[in-house]
Amino acid sequence: MSDGLTPERMAGLMEPYRHHVIVCTGGFCSPDHRGRTLYALLPRLLQREGLLFGPQRVKRGETPCLGVCAGGAIVVVYPEGVWYAGVTPALLERIVVEHLRDGIAVEEAVFHRNS
Ligand code: FES
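Note that the coordinates shown come from a computational prediction; the quantities given were computed from them, not determined experimentally.

Novice: What's the story with the sheet that holds strand β3 (residues 75-78) in this structure? I'm lost.
Specialist: In sheet architecture, strand pairing relies on hydrogen bonds along the backbone and comes in two forms, parallel and antiparallel. Taken in spatial order, the five strands of this open sheet run β2-β1-β3-β4-β5, and their pairing is mixed. Looking at the sheet topology across the chains shown, the edges are occupied by β2 (58-63) and β5 (110-113). Averaged over all pairs of adjacent strands, the angle between their axes in this sheet comes to 20 degrees, without regard to strand direction. The pairing of strand β1 (residues 19-24) with β3 spans four bridges and is classified as antiparallel. Within β3, the residue paired with Ile22 across the bridge is Val76. Its contacts with the sheet put helix α2 (residues 34-48) on β1, β2 and β3, and the angle it makes with β1 is roughly 155 degrees.

Novice: Which parts of the structure should I look at to understand the environment of Val96?
Specialist: Along the chain, Val96 turns up in helix α3 (residues 89-101). A count of 23 C-beta atoms within 10 Å places Val96 in the buried class. The spatial distance from the C-alpha of Val96 to the C-alpha of Val21 is 9.7 Å, given a sequence separation of 75 residues. Those residues in contact with Val96 that sit more than four places away from it in its chain are Leu45, Leu46, Glu49 and Arg101.

Novice: Whenever I open this one, unusual backbone geometry confuses me. Can you help?
Specialist: Negative phi is the rule for most residues except glycine; trans is the rule for most peptide bonds. Put simply, Gly72 and Ala73 share a cis peptide bond, and its omega is 5 degrees. Counting through the fold element by element, Ala73 comes out in the loop between β2 and β3. Cis geometry is adopted by the peptide bond preceding Pro79, which originates at Tyr78 and carries an omega value of 20 degrees. Tracing the chain through its elements places Pro79 in the loop between β3 and β4 (82-84). Despite not being glycine, His33 shows a phi value in the positive range, around 55 degrees.

Thresholds, definitions, all that
Residues numbered from 1 in each chain as written. Predicted model: local features only at pLDDT ≥ 70, side-chain atom pairs only at ≥ 80, totals over all residues. Pairing = 2+ DSSP bridges. Helix = DSSP H or I, 4+ residues; strand = E, 2+ residues; numbered from the N terminus. Axes fitted to C-alpha atoms, helices over the stretch in contact; angles between N-to-C directions. Contact = placed C-beta atoms within 7 Å. Buried ≥ 20, exposed ≤ 12 C-beta atoms within 10 Å, placed from the backbone.

Rendered as structure tokens:
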């Protein structure tokens, strides 16, 4: 790497985390761009549940498309590869509490699972 950061040195910059949540903020799956509201809400919910720091930490990211483009807002949780459709602020709160904090997916909103 041109900046001298080798993969080994980069590894020292990463802190452990338990989950990675990616929110689609695009306008095809959710014409009202609901994902933007969800992504703005996410850090407050994670902080409330003690999931911003430490070994239970949840990393988060937003993307303009997750390749589904219907039934949004779309949210995916890794490492399980659990995909949620029709995510509203109320459902996002359940995902944070039930899935990310307690480890139990909100099954009625799951439309795909990597397994
Ligand atoms: S715009 Fe959300 S999945 Fe494509």
